[in-house]
Protein chains: 2
Amino acid sequence: MEYYSSHINKLIEEFSRLPGIGAKSAQRLAFHILNLPKEQVEELSSAIVDAKANVCYCKECYTLTDQEICPICRNEKRNHHIIMVVENTRDLAAYEKTGKFDGVYHVLHGAISPMLGIGPDDIKLKELLQRLTREEIEEVIIATNSSVEGETTAMYLSKLIKPTGIKVSRIASGVPVGGDLEYIDEVTLLRALEGRVEL
Amino acid sequence: MEYYSSHINKLIEEFSRLPGIGAKSAQRLAFHILNLPKEQVEELSSAIVDAKANVCYCKECYTLTDQEICPICRNEKRNHHIIMVVENTRDLAAYEKTGKFDGVYHVLHGAISPMLGIGPDDIKLKELLQRLTREEIEEVIIATNSSVEGETTAMYLSKLIKPTGIKVSRIASGVPVGGDLEYIDEVTLLRALEGRVEL
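Only a predicted model underlies this, so the values are computations on that prediction, with no experimental measurement involved.

A. Highlighting the relation of the copies chain A and chain B. With an RMSD of 0.1 Å, the operation that places chain A on chain B is a rotation of 180° combined with a shift of 0.0 Å along the axis. Put plainly, the chains are arranged around a two-fold axis. Within chain A, A:Ser45 has its C-alpha nearest the rotation axis, a separation of 2.4 Å. Both copies contact each other with a shared surface, as 100% of the interface residues of chain A are interface residues in chain B too.

Given below as structure tokens:
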């Protein structure tokens, strides 16, 4: 790309490294930046650096936060005896948006995946088990994704936790609300059948 | 978005202001940044600031460059008597990629659009006319987009330049190479018919 100056090329290159941004989008973003007022560019740049510098893991639940203990773990109104285990902070946010779960969370930061070489030690599993011995927990709700990795992690976790006598549950899988049966894959349809509830 | 810490929210907000990046993509980008090594984050951030700080308009052709005069305008091997007028630096790069145009460029940084309130004074038109009186130009090739704004700009430009006796041409519009007639709009088909060439 010799048609652009080295600074523009560098910016395009940096943008195209980000997930979901191809060569064309990276170009568009780079020229958008060049046309922005200087203050806005500096705001973007410092938001990036500041977030990286200030965001850390909550010492309790390992979500990404900018305090030692995240607001959810600090909230005394929440039920600290129920832990929902999620794969990442975005999944935590998805459940928080429902506004109906009043327990606390544990963020694994990944899922077990032999394919990608991610074992139990590469995610925050040990930390969860330590919490279970340290705190008084009544139930662990496993809300990992409904993918091969998520299911593997759920199975592994339940085998580890069950012997301790703590109740372990898994969020239901089935037909999504508003979903049209015609367009839903067979595995999901079978799951929905297996998990049917009496009315 | 109280589920995230303020630094994360700020980063998501900054990303979602960029063109073509919605709320979900902005979240994905933000968490991607948080998982990157610190050096890479700083590299991205400084690429943004550096590009904005160092990139300016070429004093000849007004393309975005980091030198006073861009490499194309400085290149003595190029034909400085033929100017191709484009809307922006990306369009210049598109023609440079063909490697077949050996003239120089003039970048307008926009096109006349009464709808958006962009008049002839808002783009680098004056600067083009000054070049035409200052330099010895044989031909001006108008390569603005084939949109309403691009066509308006082309018409306006040709009316201004023709009285000076300089040859003015417009890039051809018609069926794109590899295009299937069946899927091409009627206006393009008519243009292709009008612009037919004898074999």
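B. Up close: unusual backbone geometry. In this structure, A:Tyr62 is a non-glycine residue whose phi angle is positive, near 65°. Among the secondary structure elements, A:Tyr62 is positioned in the loop between β1 (56-57) and β2 (64-65).

C. Fine view of the pattern of salt bridges. Residues and elements named next belong to chain A. Tallying each qualifying case throughout the model produces 26 salt bridges over all chains. Of the charged contacts in the structure, one is a salt bridge between Glu135 and Arg134, with a shortest N-O distance of 3.5 Å. Taking the relative accessible area as the measure of exposure, Arg134 reaches 53% and is therefore exposed. We note a salt bridge from Lys167 to Glu139, for which the minimum N-O separation is 3.8 Å. In this pair, Lys167 sits in strand β6 (residues 167-170) while Glu139 sits in strand β5 (residues 139-142), placing the two residues 28 residues apart along the sequence.

D. Representation of a positive patch on the surface. On the surface, a cluster of positive charge is contributed by A:Lys24, A:Arg28, B:Arg90 and B:Lys97. For the positive patch, the secondary structure elements donating two or more residues are α2 (23-35) of chain A together with α5 (89-98) of chain B. Note that B:Arg90 resides in helix α5.

Cut-offs and rules
- Residues numbered from 1 in each chain as written.
- Chains lettered and ligands numbered in written order.
- Predicted model: local features only at pLDDT ≥ 70, side-chain atom pairs only at ≥ 80, totals over all residues.
- Heavy atoms only, no water.
- Least-squares fit on C-alpha atoms with pLDDT ≥ 70 in both.
- Contact = heavy atoms within 4.5 Å.
- Helix = DSSP H or I, 4+ residues; strand = E, 2+ residues; numbered from the N terminus.
- Salt bridge = Lys/Arg side-chain N within 4 Å of Asp/Glu carboxyl O.
- Buried < 20%, exposed > 50% of the residue type's maximum accessible area, 1.4 Å probe, protein only.
- Patch = residues over 30% accessible without salt bridge, like charges linked within 9 Å, V, L, I, M, F, W, Y side chains within 5 Å.
- Areas by Shrake-Rupley, 256 points an atom, 1.4 Å probe, with all protein chains shown as cover.
- Lys, Arg positive; Asp, Glu negative; His and termini not counted.
- Charge placed at Lys NZ, Arg CZ, Asp CG, Glu CD.

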